[in-house]
Amino acid sequence: MSEVKPEPWEVWHARFNYDGGTGYKYRPVIVVDMRDDGSLVMMVTSATNKLSLAHDYPIRNWKAAGLRQPSIARADRIAEIPAGYLGSAGRIGVLSEEDVVAITAIVRSLARDGEQG
């Protein structure tokens, strides 16, 4: 059985450890980039029960992306996670082209703002 390699714009379950090493949970993330020592991932959260932040993007095609409920991508919440934290959890789906284009535009505007600040 061959191992599935994460690709940018796929949605995966990622392992996040609790503070203090008292366990972990799996959360959906969007793969932004792959590195030899890990992955850059964007946080995803349920759109129905969370405070909306300035750079949140409501994923329009959330069902096609494999998400169980309406969700938002937190474009300003990108984290680096160790290698293996995606592979052990599993691929959920892939974002639609419409969602990729919109999220990319937000990330680019954040990068421009960071360069000017």
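Calculation rules
- Residues numbered from 1 in each chain as written.
- Predicted model: local features only at pLDDT ≥ 70, side-chain atom pairs only at ≥ 80, totals over all residues.
- Heavy atoms only, no water.
- Helix = DSSP H or I, 4+ residues; strand = E, 2+ residues; numbered from the N terminus.
- Buried < 20%, exposed > 50% of the residue type's maximum accessible area, 1.4 Å probe, protein only.
- Contact = heavy atoms within 4.5 Å.
- Core = buried A, V, L, I, M, F, W, Y, C linked by side-chain atoms within 4.5 Å.
- Lys, Arg positive; Asp, Glu negative; His and termini not counted.
- Salt bridge = Lys/Arg side-chain N within 4 Å of Asp/Glu carboxyl O.
- Phe/Tyr/Trp six-rings, centres within 6.5 Å; stacked < 30°, edge-to-face > 60°.
- Lys NZ or Arg CZ within 6 Å of the ring centre and 35° of its normal.
- Pairing = 2+ DSSP bridges.
- Axes fitted to C-alpha atoms, helices over the stretch in contact; angles between N-to-C directions.

> Looking at this structure, I do not really get the overall build of the chain. What am I missing?
A tally of helices and strands in the chain yields 1 helix and 6 strands. Reading the chain from its N end, one meets helices and strands in the order β-β-β-β-β-β-α. Among the 117 residues that make up the chain, the fraction classed as buried is 34%. Put simply, 60% of the contacts in the chain that link residues at least 6 apart link residues at least 24 apart.

> Help me understand unusual backbone geometry, please; the structure alone is not making it clear to me.
The bulk of non-glycine residues show a negative phi, and the bulk of peptide bonds are trans. Located in the positive-phi region is Trp9, a residue other than glycine, with phi close to 75°. Take Trp9: it is sitting in the segment before strand S1 (10-17).

> I'm lost on the nonpolar core in this one. Help?
Nonpolar side chains tend to gather and get buried jointly when the protein is soluble and globular. Counting 15 residues, the largest nonpolar core has Ile30, Ile59, Leu67, Leu95 and Ile103 as its most contacted members. At 3 residues, helix H1 (residues 97-116) tops the list of elements feeding residues into this core. If we skip the residues at most four places from it in the chain, Ile59 touches Ile30, Val44, Leu67, Ser71, Ile72, Ala73, Leu95 and Asp99.

> Before we go on, may I ask you to explain the side chain of Asp99 in this structure?
Secondary-structure assignment places Asp99 in helix H1. Comment: no salt bridge for buried Asp99; closest opposite-charge side chain is Arg60, at 5.4 Å. Excluding residues within four positions of it along the chain, Asp99 makes contact with Tyr57, Pro58, Ile59, Arg60 and Asn61.

> I tried to follow the packing of aromatic side chains on my own but got confused; where do I start?
Geometry of an aromatic ring pair is reported as the spacing of the ring centres plus the angle between the planes. Applying the stated criterion across every chain yields a total of 1 aromatic pair. One cation-aromatic arrangement involves Arg15 over Tyr24; the distance from NZ or CZ to the ring centre is 3.9 Å. A cation over an aromatic ring shows up here: Arg15 above the ring of Tyr85, its NZ or CZ 5.2 Å from the ring centre.

> Teacher, can you tell me more about the environment of Tyr24 here?
Considering the arrangement of structural elements, one finds Tyr24 in strand S2 (residues 24-35). Given the relative accessible area of 41%, Tyr24 is considered partly exposed.

> Quick question: what am I supposed to make of the sheet that holds S1 here?
Across a sheet, paired strands are connected by hydrogen bonds in the backbone, their directions being either parallel or antiparallel. Pairing is antiparallel in the open sheet, where 6 strands are placed in the order S4-S5-S3-S2-S1-S6. Each of the sheet's edge strands pairs with one partner strand only, and the pair in question is strand S4 (56-58) and strand S6 (91-94). Strand-to-strand twist across the sheet, computed as the mean angle between neighbouring axes with direction ignored, equals 45°.

> Could you clarify how one ought to interpret the pattern of salt bridges in this entry?
Working definition: two side chains of opposite charge can pair if their charged atoms are close together. What the rule picks out here adds up to 5 salt bridges. Where Glu10 meets Arg91, a salt bridge forms, and the shortest distance between an N and an O atom there is 3.1 Å. Linking Glu10 in strand S1 with Arg91 in strand S6, this pair joins segments that are 81 residues apart in sequence. We classify Arg91 as partly exposed; its relative accessible area is 43%. Glu98 serves as the salt-bridge partner of Arg60, at 3.5 Å between the closest nitrogen and oxygen. Placement of the pair is Arg60 in the loop between S4 and strand S5 (71-82) and Glu98 in helix H1, with a sequence separation of 38 residues.

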